[in-house]
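Tertiary structure, described
The chain contents come next:
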Amino acid sequence: MKVWGKIWPILLIFGVLGAIFGASAYSGSHKTREDLLHQQEIINNQQAHKLVPMGKPVIYLYPEEKTEVAVKLDYDGELTATYPDYRNGWQVMAMPDGTLYDRFDGREYSYLFWEGTCPGAYDLSKGFVVKGEDTKDFLQEKLAFLGLTPREYNEFIVYWMPLMQDHPYNLISFQREAYTDLARLDISSAPDSILRVFMAYQPLDEPIEMEPQQLEPFIRTGFTVVEWGGAQING
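Computed from a predicted structure; not experimentally measured.

1. Some details on the nonpolar core
- Met54, Leu61, Trp114 and Tyr122 are the most contacted members of the largest nonpolar core, which totals 34 residues.
- Elements with a minimum of two residues in this core: strand E1 (52-62), strand E2 (67-75), strand E4 (90-94), strand E7 (112-118), strand E9 (169-175), strand E10 (183-187), strand E11 (193-204) and strand E12 (224-232).
- Core analysis: the second largest hydrophobic core is formed by 27 residues, Val130, Phe138, Tyr201 and Val226 among them.

2. Overview of the packing of helix H3 (residues 135-146) against helix H4 (residues 150-164)
- Running from amino to carboxyl end, H3 crosses H4 at an angle of 145°, the nearest separation of the two axes being 10 Å. The element H3 and its partner H4 pack so that their crossing is right-handed. The segment H3 lies against H4, with Thr135, Lys136, Leu139, Gln140, Leu143 and Ala144 engaging Tyr153, Phe156, Ile157, Met161 and Met164.
- Of the residues that constitute the contact of H3 with H4, the class distribution is eight nonpolar, two polar and one charged.

3. Structural notes on the sheet that holds strand E3 (residues 78-83)
- Overall, mixed pairing links the seven strands, which are arranged E3-E7-E1-E12-E11-E9-E8 in an open sheet. With partners counted over all chains shown, the strands left at the sheet margins are E3 and strand E8 (128-131), one partner each. Recorded for the sheet is a direction-independent mean angle of 20° between the axes of neighbouring strands.
- The pairing of E1 with E12 spans six bridges and is antiparallel. Within E12, the position partnered with Leu61 by the bridge is Val225.
- Across the face of the sheet, H3 comes into contact with E8, E9 and E11 while running at roughly 15° to E9.
- Taken strand by strand, H4 contacts E1, E7, E9, E11 and E12, and its axis lies near 5° from that of E12.

4. Considering the sheet that holds strand E6 (residues 108-109)
- Strand order in the open sheet formed by five strands is E6-E5-E4-E2-E10, with antiparallel pairing between adjacent strands. Of all strands in the sheet, those bounded by a partner on one side alone are E6 and E10.

5. Looking at the pairing of E1
- Counting buried residues along E1, ten of its eleven residues qualify, which places the element largely inside the surrounding structure.
- Note: E1 against E7, five bridges, orientation antiparallel. By the bridge assignment for E7, Met54 is matched with Gly116.

6. Considerations on the confidence of the model for the protein chain
- In the predicted model, the protein chain carries a mean pLDDT of 86, and 78% of its residues have values of at least 70.
- For residues 1-29, every residue scores under 50 in pLDDT, and the model assigns this stretch two contacts once sequence neighbours within four places are set aside.
- This stretch, residues 42-49, has a pLDDT under 50; its non-local contacts, to residues over four places away or in other chains, come to 14 contacts.

7. What about the packing of aromatic side chains?
- Enumeration over the complete set of coordinates arrives at twelve aromatic pairs.
- Considering the side-chain rings of Tyr83 and Tyr109, the 4.9 Å spacing of their centres and the 75° angle between planes classify their relative orientation as edge-to-face. Pair noted here: Tyr83 is in strand E3 and Tyr109 is in strand E6, with a separation of 26 residues, a long-range link.
- Ring centres 5.4 Å apart and planes at 55° place the aromatic pair Phe128 and Phe138 in the tilted group. On the criterion of sequence distance, the pair formed by Phe128 in strand E8 and Phe138 in helix H3 is long-range, its members being ten residues apart. In this structure, Phe128 and Phe138 share a single accessibility class: buried.
- What links up through ring pairs into an aromatic cluster is the set Phe156, Tyr159, Trp160, Tyr201 and Trp228.

8. Remarks on the pairing of E7
- When you tally the buried positions in E7, you get six out of seven residues, the bulk of the element.
- Note that E3 and E7 share five bridges and pair antiparallel. When the sheet's bridge partners are listed, Tyr83 is paired in E7 with Phe113.

Rules of the game
Residues numbered from 1 in each chain as written. Predicted model: local features only at pLDDT ≥ 70, side-chain atom pairs only at ≥ 80, totals over all residues. Heavy atoms only, no water. Core = buried A, V, L, I, M, F, W, Y, C linked by side-chain atoms within 4.5 Å. Buried < 20%, exposed > 50% of the residue type's maximum accessible area, 1.4 Å probe, protein only. Helix = DSSP H or I, 4+ residues; strand = E, 2+ residues; numbered from the N terminus. Axes fitted to C-alpha atoms, helices over the stretch in contact; angles between N-to-C directions. Left-handed = near helix turned anticlockwise from the far one by under 90°. Contact = heavy atoms within 4.5 Å. Nonpolar A, V, L, I, M, F, W, Y, C, P; charged D, E, K, R; others polar. Pairing = 2+ DSSP bridges. pLDDT = per-residue confidence, 0-100. Phe/Tyr/Trp six-rings, centres within 6.5 Å; stacked < 30°, edge-to-face > 60°.

Here it is, written out as structure tokens:
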């Protein structure tokens, strides 16, 4: 009993220290939504001066009848690639099934493709935290809900899934004005409905708390224009 009386204060001290350092290590490794928002603020300040690549935005045109369409992109950045060639805009003959014929080279295209770099800040305050291995299932569900057809969301997935699936987790948020204000479209023969899906995502080592983003389904009416693209945000 005398020995125990001498030892237990020492054990108590080690127990308290262990609890303190354990809590410190946990708080340092576990990110909350507030931690992410603070990190996003820092990232946004960096993005205001850093060029962020926009990955494969593509534009589909679905007129109700064969229609000549001119499309111009008013972009707050620099275009790095276009297909077909962007000659101060695209001029195509669009068919109801989405097939396009470029006015200049006469070739057939499935969509209008562009990529570019642009300084800007994306909104990651709401979104979805998804395991990398679940990327395919998540995108199939959400993109279909947003209004992409199987052809459209399959082309989206085969481009983005290989870039996302090997991360432990991804924070995914579908952008609205944060994207459309940077890349404005001017389309002749004004469309009756337009859907622009732009996904910003940030790779994560571990899950975080996140308020789910509320998405709204898209209804196609008349001459419809659909666009999708994305960007990776590095923390």
